[in-house]
Structures are given as structure tokens and as C-alpha cells.
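# Structure at a glance
One letter stands for each residue in the lines below.
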Amino acid sequence: MPRGTHLSQHEQGQIQALRLNNWTIRRIAAHLSRSRNVLATFLRNPGLYGKKKMPGRPPKLTAMARRALLREAHKGHFCSSELVKTLSLLVTPSTVRSILRATPTIQYSKMVPAPMMLPRHKIAREQWCRQKVTWTVSDWMNVVWSDETKFNLDGPDGFGYYWHDLRTDKRMFSKRQQGGDSVMVWGAFSGTKKCELAVLNGKLDAIKYMDILESYLLPFVDQEMGPTWVLMQDGASIHRARRTFQWFDEEEIPLLEWPAKSPDLNPIENLCGIPARTVYAHQRQFKDVDELLEVIMEWDKVSEECLKNLVRSMQKRCFECLMAKGGPTKY
């Protein structure tokens with residue numbers, strides 16, 4: 001038989017009033033058209049009626065110990081076993097992990113890699129962002145963002161995760177020595193336009209870098225850019241070589257001053273990540289360089305809207321860097 005509805009507040013008041021007038025449970029039940037069992041349950045403890053009891057064993061951690069655990073875990077310094085030892089908890093690390101997994105404000109995550117910054121780097125970054133935070137989207141549209149990226153035939157590492165069917169054998173990831181082989185490419189974009197990717201052969205030095213700029217950058221800016229464009233490049237040694245700066249002076253190429261240790265401020269890092277995610281998806285491995293290059297050319301499929309969003313993000317990048325006082329940001 002299905003369970004009936006709970007007694008309403010009005011019915012509970014009637015029952016208590018009639019009971020005080022010495023009515024029997026049978027008579028009250030007939031009067032209210034309710035079962036005697038529900039009346040007896042209510043009269044045993046009216047204060048607890050309708051309140052759900054907590055099933056199972058009582059929690060091993062007190063409310064105070066739980067708050068101390070969450071407070072310490074939110075600092076992000078200790079693993080579950082260290083939390084047990086530090087706080088002298090009478091539970092196992094497995095129990096601690098279960099508690100933390102059920103907490104919506106904390107998640108066990110891998111640290112995001114970021115370049116090592118000295119105080120002088122943070123000061124330079126903060127000063128640069130303070131100067132550029134007032135730039136408009138039109139100002140950023142005049143910047144030609146450039147960088148080199150390396151891709152390996154065997155991917156960046158062998159630490160890929162996947163959902164494993166325990167009824168089957170584990171998947172294996174075997175890397176060739178030094179990743180087999182690699183391809184380095186140079187690319188650039190400005191506003192909603194991309195420069196053609198340059199595939200680099202052998203070790204890149206200042207001479208080869210100038211050849212790339214002459215063959216790829218100059219035709220791009222002549223065709224796509226106005227008279228007020230400026231080139232952004234990071235602080236790599238080939239970018240800052242004396243011979244390279246002499247070539248910039250000869251070709252009258254304006255340079256955007258760039259703070260060291262600032263890949264998070266450079267939107268082309270995010271753009272290069274788009275083909276990288278395709279190249280390294282599912283721990284894919286390639287037979288040769290030609291097969292790898294076919295996938296790298298996903299660069300050509302990046303939409304103008306994506307490029308526009310990257311440029312629009314520059315003001316927010318500067319603002320977040322200022323909020324971090326020159327420290328690393330989420331980008």
C-alpha cells in the first residue's frame with residue numbers, strides 16, 4: 001500500500017488539541033480520516049515528526065575537524081595523506097579524498113606550468129601592462145604577433161590519460177628515442193589575418209630567422225598591414241641578436257617592446273595551441289614529418305572570429321596581470 005501524505009500543520013494542531021481533551025487515537029483517526037499508525041507516530045514525538053533521519057553510521061569527522069580539513073586543503077599545500085598527519089585526523093587518506101571530491105569549491109588538479117619569474121620580471125610586466133591597458137582593440141589590431149613552435153612525431157610526453165575498460169588489456173605508449181623527429185614552424189597573425197606558416201629546417205639561427213622574416217613577414221605586412229603596424233617577438237636569443245637588430249633597422253621594421261617571461265600575454269601562444277591540440281589528440285604518433293605537417297596545417301582552418309577574440313583578449317590580459325602585480329595569469 002502506498003504511503004499516505006504527511007500530516008499538515010493544521011492536522012497536527014487538531015490532533016494535539018483533541019488529545020488534550022482525552023480523545024482516543026481511534027476516535028481522532030476516525031474524525032480526521034487518518035490512520036491510527038500515523039497518529040501514533042506523530043504523538044510519540046511531535047517535535048521530530050516529518051524530519052528525515054540521517055541514514056548510516058555517524059560521520060567520523062566532527063564538524064570542527066571537517067572545517068579544519070577544508071580550510072587546510074584550500075591552501076593547496078598538502079596531499080590527502082599529509083593532511084591526515086598534519087591535522088591528526090582519525091580517518092584514512094581515502095576518506096579525506098572522498099570528502100574533498102564532494103566539496104564543490106576544490107578540485108585535485110595538475111599545476112599549470114609557468115616560467116620562473118624574478119621580482120624584476122614582475123615589475124617589468126606590471127609596468128608594461130600599465131602602459132598598454134588603455135590600448136583599444138584598434139591599437140592591438142596593428143600588432144603582428146609572431147613566434148616559433150616545435151612539434152614532435154611522438155607528441156609532447158607519454159602521460160596521456162584515458163578511460164580503461166578493465167576487461168581489456170591496457171593501452172601502451174611507446175616513444176622513439178628523442179621523440180623520433182620534430183618539426184619547427186614560424187607563424188604570425190595580426191587582427192583577423194594569418195601569415196603563411198614557415199617550416200624551419202635544421203637549427204634556427206639569426207641568419208635563418210632573417211630569411212624567414214624576409215620571405216614570409218615582409219610580404220604579409222605589405223599586403224595586409226597599414227603604415228602603423230608593429231612587430232611583436234619574444235626575447236629568444238635569435239630575436240635579440242645584434243645582426244637581427246641591424247636588419248630590423250635596415251628594413252625599418254618597428255618593434256613592440258616586450259617584457260621577459262610573458263607567454264601568457266602573447267595571444268599567438270593560444271593560437272599555436274589550436275593545431276597542437278589536434279596534433280597531440282589521443283596521444284597520436286606520426287610515421288614521418290610529412291604526415292605531421294598535414295595536421296599542423298590545421299593552422300589554415302582557424303577562423304577570423306577566433307583571431308578577433310584573441311586580439312580582444314589583450315586588454316583583459318593586461319588587467320589580470322596588473323591584478324596579479326606582474327605575476328602569471330590564467331592565460
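Our subject is the structure that appears above.
These notes cover the structure that comes with them. Note that this is a predicted model, so its numbers are computed, not measured.

With that out of the way, let us pick up the environment of Ala-206. Take Ala-206: it is sitting in helix 9 (residues 206–224). Looking at Ala-206, the relative accessible area reads 14%, which means it is buried.

Note on terminology: disulfide describes a covalent bond linking the sulfur atoms of two cysteines. The final tally for this structure, using the stated rule, is 0 disulfides. Distance from the sulfur of Cys-129, which forms no disulfide, to the nearest cysteine sulfur (Cys-321) is 3.6 Å. The class of Cys-129 is buried, set by a relative accessible area of 0%.

Taken together, the side chains of Asp-205, Asp-211, Glu-214, Asp-249, Glu-250, Glu-251 and Glu-252 present a region of like negative charge at the surface. Counting residues per element, the ones that place at least two in the negative patch are helix 9 and helix 10 (242–251). Of the residues forming the negative patch, the biggest block, 3 residues, is contributed by helix 10. Overall, the relative accessible area of 61% leaves Asp-249 in the exposed class.

Here we come to helix 6 (residues 93–101). Since one α-helical turn is 3.6 residues long, residues separated by three or four positions face the same way. If you check which residues of helix 6 are buried, you get Val-96, Ile-99 and Leu-100. Projected onto a plane normal to the axis of helix 6, the buried residues spread over an arc of 95 degrees and lie on a single side.

To continue, consider the side chain of Ser-262. Along the polypeptide, Ser-262 turns up in the loop between helix 10 and helix 11 (267–279). Here Pro-259 takes part through its backbone oxygen, which lies 3.2 Å from a polar atom of the side chain of Ser-262.

Glancing now at the pairing of strand 1 (residues 143–152). Here strand 1 lies mainly inside the structure; 9 of its 10 residues are buried. Bridge count for strand 1 against strand 5 (residues 230–232) is 3 bridges, and the pairing is parallel. Bridge pairing in strand 5 places Val-144 opposite Leu-231. In this sheet, strand 2 (residues 182–190) lies alongside strand 1 in antiparallel orientation, the contact comprising 8 bridges. Directly across from Asn-152, in strand 2, lies its bridge partner Ser-182.

Turning our attention to the pattern of salt bridges. The full count for this structure, using the stated rule, is 7 salt bridges. A salt bridge links Arg-312 to Glu-305; its shortest N-O distance comes to 3.8 Å.

What follows covers the nonpolar core. In this structure, Trp-128, Trp-145 and Ile-296 are the most contacted members of the largest nonpolar core, which totals 37 residues. Sorting the residues of this core by element identifies helix 7 (119–132), strand 1, strand 2, strand 5, helix 11, helix 12 (289–296), helix 13 (304–312) and helix 14 (314–323) as the ones contributing at least two each. Ranked by the residues each element gives to this core, the list is headed by helix 11, at 5 residues. Non-local contacts of Trp-145, meaning those with residues more than four positions away in its chain, are made with Trp-140, Gly-187, Ala-188, Phe-189, Met-232, Trp-258, Leu-265, Asn-266, Pro-267, Ile-268 and Met-314. In terms of nonpolar packing, the next biggest core, distinct from the first, is built from 22 residues, Leu-200, Tyr-209, Met-225 and Ile-253 among them.

Here the focus is the packing of aromatic side chains. With the rule as written, the count across this model stands at 8 aromatic pairs. Measuring from centroid to centroid gives 4.6 Å for Trp-135 and Trp-140, while their planes differ by 50 degrees, and the two rings are tilted. Overall, Trp-135 belongs to the partly exposed group, its relative accessible area being 23%. Through a chain of ring-to-ring contacts, three or more aromatic side chains come together here, namely Trp-128, Trp-135, Trp-140, Trp-145 and Trp-258. In this structure, Arg-27 is placed above the aromatic ring of Trp-23, and the distance from its NZ or CZ to the ring centre is 3.7 Å.

Calculation notes
- The numbers attached to residues start from 1 for each chain and follow its sequence in the written order.
- A pLDDT threshold of at least 70 governs which residues receive local features in this predicted model, and a stricter bar of 80 or more applies before side-chain atom pairs are shown or counted, although totals over entire chains, interfaces and linings include all residues.
- For the side-chain quantities, the full set of heavy atoms in the structure was used; hydrogens and water were omitted.
- Only runs of H or I of at least four residues qualify as helices and only runs of E of at least two qualify as strands under DSSP, and these elements are numbered from the N terminus.
- We call a residue buried when its accessible area falls under 20% of the maximum for its residue type, exposed when it is over 50%, and partly exposed in between, using a 1.4 Å probe and counting protein chains only.
- Count a disulfide wherever a pair of cysteine sulfur atoms falls within 2.5 Å.
- Surface patches are drawn from residues lacking salt bridges whose relative accessible area is over 30%; two like charges belong together within 9 Å, two nonpolar side chains (Val, Leu, Ile, Met, Phe, Trp, Tyr) within 5 Å.
- In short, Shrake-Rupley with a 1.4 Å probe defines the accessible areas, and a residue's cover is counted only from the protein chains shown.
- Whenever Lys or Arg places a side-chain nitrogen within 4 Å of a carboxyl oxygen from Asp or Glu, that contact is recorded as a salt bridge.
- Charged-residue counts in this description rest on Lys and Arg as positive and Asp and Glu as negative, His and the chain ends being excluded.
- A charge is said to be at NZ when it belongs to Lys, at CZ for Arg, at CG for Asp and at CD for Glu.
- What the arc describes is the spread of directions from the helix axis to the C-beta atoms.
- In protein, a polar contact means a hydrogen-donor-capable atom and an acceptor-capable atom, both N or O and within 3.5 Å, with residues adjacent in sequence counting only if both atoms are side-chain atoms; elsewhere, any N or O pair within 3.5 Å suffices.
- If DSSP finds at least two bridges between two strands, the strands pair.
- What makes a nonpolar core is a set of buried Ala, Val, Leu, Ile, Met, Phe, Trp, Tyr and Cys residues whose side-chain atoms join them at distances within 4.5 Å.
- For this analysis, residues touch if any pair of their heavy atoms sits within 4.5 Å.
- Side-chain rings of Phe, Tyr and Trp (the six-membered ring for Trp) are treated as a pair once their centres are within 6.5 Å; stacked means planes under 30 degrees apart, edge-to-face means over 60, and tilted covers the remaining angles.
- Each ring is checked for a lysine NZ or an arginine CZ that lies within 6 Å of its centre and within 35 degrees of its normal; such an atom marks a charge sitting over the ring.

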